[in-house]
Amino acid sequence: MSIQRDSGPKLPIENVNMILNNGGAGDIISCFPVIQYTLSHQENVIPHVFVPNYMKPLTKVFFPNTNVYGFSEAKVKLKETGNYAAMQTLGDKITNMRVHSTDYAFQTLLDKQVRDEFKSYPKYPVGTVSISKFDLPEKYAVVNIGHTIKAKEWPAAETNKVIDFLISKGVT
């Protein structure tokens, strides 16, 4: 049996700064389900999302109607939003090496766990971004060889196997 609030006063609108400051692009993307969940299940929360500058354009594609700021804007925007509650992904109690990155994001940003059905990544809005200006081949792949911590490093020999496989399939 679950207890739910079916009636009563609506919760007051709350602006919340969500500072995604732990790890690289993959770690930031693993926070997207949290933003999606907040927008769809916490109607009283208005998120103000802070990301590394290089992640701002992609984050805005996924969340075009959400306040998204690059870290270079943080000093000014945090002064404007300074009285808002703030959650950040960089903490000292748990790390993203102990749990799945999406679970870590829910724990650090919302202090909660949700059912698996809410952990899905948002769908990329295909067709909203044109990559034609890049003169890319018809079949291509991008292989990220970067890592933010040594434990996430993949051996070069394994990466080369993936690249060789892609090339064998005509992907450049």
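The rules behind these values
- Residues numbered from 1 in each chain as written.
- Predicted model: local features only at pLDDT ≥ 70, side-chain atom pairs only at ≥ 80, totals over all residues.
- Heavy atoms only, no water.
- Helix = DSSP H or I, 4+ residues; strand = E, 2+ residues; numbered from the N terminus.
- Buried < 20%, exposed > 50% of the residue type's maximum accessible area, 1.4 Å probe, protein only.
- Phe/Tyr/Trp six-rings, centres within 6.5 Å; stacked < 30°, edge-to-face > 60°.
- 1 Å grid on protein atoms, 1.4 Å probe; cavity = no way out; pocket = protein on both sides within 12 Å on 5 of 7 lines; lining within 4 Å.
- Points joined across faces, edges and corners; volume = space filled by probe spheres on them.
- Nonpolar A, V, L, I, M, F, W, Y, C, P; charged D, E, K, R; others polar.

Student: Teacher, can you tell me more about unusual backbone geometry here?
Tutor: Both trends apply: most residues other than glycine have a negative phi, and most peptide bonds are in trans. Even without being a glycine, Asp111 presents a positive backbone phi close to 55 degrees. Its place among the elements puts Asp111 in the loop between helix 5 (101-110) and helix 6 (156-168). Among the residues examined, Asp111 registers a relative accessible area of 69% and is labelled exposed.

Student: Just to check I follow, could you spell out the packing of aromatic side chains for this structure?
Tutor: The description of an aromatic ring pair uses the distance of the two centres, along with the angle that the planes make with each other. Considering all chains together, one arrives at seven aromatic pairs under this definition. Centroid distance Phe62 to Tyr124: 5.4 Å. Interplanar angle 70 degrees. Geometry classified as edge-to-face. One end of the pair, Phe62, is in helix 3 (residues 56-62); the other, Tyr124, is in the loop between helix 5 and helix 6, with 62 residues separating them in the sequence. Since its relative accessible area comes to 18%, Phe62 is described here as buried. Residue class for Tyr124 comes out partly exposed when judged on its relative accessible area of 37%. Ring pairing ties together the aromatic residues Phe32, Phe62, Phe63 and Tyr124, which thus form one cluster.

Student: Which parts of the structure should I look at to understand the environment of Ile149?
Tutor: Its place among the elements puts Ile149 in the loop between helix 5 and helix 6. Placed 125 residues apart in sequence, Ile149 and Gly24 show a C-alpha to C-alpha distance of 9.4 Å.

Student: Would you mind showing me how to read the layout of surface pockets here?
Tutor: Remark: the empty space left among the atoms is shown by a probe the size of a water molecule rolled over them. Roughly 320 Å³ of internal volume is contained in the largest pocket. In this structure, the largest pocket is lined by twelve residues; those nearest its centre are Gly26, Asn144, Gly146, His147 and Lys152. With three residues, the single largest contributor to the lining of the largest pocket is helix 1 (residues 25-29). Of the residues contributing to the lining of the largest pocket, the split by class is three nonpolar, seven polar and two charged.

Student: Help me understand the environment of Pro137, please; the structure alone is not making it clear to me.
Tutor: As for its placement among the helices and strands, Pro137 is situated in the loop between helix 5 and helix 6. Note on Pro137: relative accessible area 39%, which makes it partly exposed. Along the sequence, Pro137 and Val171 sit 34 residues apart, while their C-alpha atoms lie 8.7 Å from each other.

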